Amino acid sequence: MTEYQYAPEVAHLVADGRDGMIPPPPGEGQFFLDFTHFEFGPGPEHPFLFAWCYLRPDEELYIYQKGRWIVMQNISVRQIGIALAHHL
């Protein structure tokens, strides 16, 4: 599996997010952000919408938005897209 490549115009925003703009959730280390996905809106400013990370063994979906992490539990891999859509 290859690593997702962000568009050049938002790649620096992802780097900023992983380098301290977004803190990892309580109890998780900095490595958590290495597996976090960042979502941006369209347009010239590419506004940050949210970040998310899925922990497969625990079936937990973490979503970072508006300065805080929320955790959705009992989310299967097949339900990730649906859960994100319902959250937004």
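Scroll up to find the structure.
The text that follows walks through the structure, step by step, so that each part is easy to find. (Residues numbered from 1 in each chain as written. Predicted model: local features only at pLDDT ≥ 70, side-chain atom pairs only at ≥ 80, totals over all residues. Heavy atoms only, no water.)

**Thoughts on the nonpolar core**
Moving on, step 1. The biggest cluster of nonpolar side chains holds 14 residues, and the ones touching the most others in it are Ile22, Phe32, Phe38 and Trp69.
Moving on, step 2. Of all the elements in the fold, those that place two or more residues in this core are α1 (8-21), β1 (37-40), β2 (48-55) and β3 (60-65).
Moving on, step 3. Ranked by the residues each element gives to this core, the list is headed by β2, at 3 residues.
Moving on, step 4. Ignoring any residue separated from it by four or fewer positions in sequence, one finds Ile22 in contact with Gly17, Leu33, Phe38, Phe48, Ala51, Tyr64 and Trp69. (Core = buried A, V, L, I, M, F, W, Y, C linked by side-chain atoms within 4.5 Å. Buried < 20%, exposed > 50% of the residue type's maximum accessible area, 1.4 Å probe, protein only. Helix = DSSP H or I, 4+ residues; strand = E, 2+ residues; numbered from the N terminus. Contact = heavy atoms within 4.5 Å.)

**Describing the sheet that holds strand β4 (residues 68-73)**
Moving on, step 1. On the basis of which strands lie adjacent, the open sheet formed by 4 strands has the order β1-β2-β3-β4 and antiparallel pairing. Each end of this open sheet is capped by a strand with a single partner; those strands are β1 and β4. Taken over all neighbouring pairs, the strand axes of this sheet differ in orientation by 25 degrees on average, direction set aside.
Moving on, step 2. By the bridge criterion, 4 bridges tie β1 to β2 in an arrangement that is antiparallel. Paired with Phe38 across the two strands is Ala51, which belongs to β2.
Moving on, step 3. In the packing of helix α2 (residues 80-87) onto the sheet, contacts are made with β2, β3 and β4, and the angle to β3 comes to roughly 35 degrees. (Pairing = 2+ DSSP bridges. Axes fitted to C-alpha atoms, helices over the stretch in contact; angles between N-to-C directions.)

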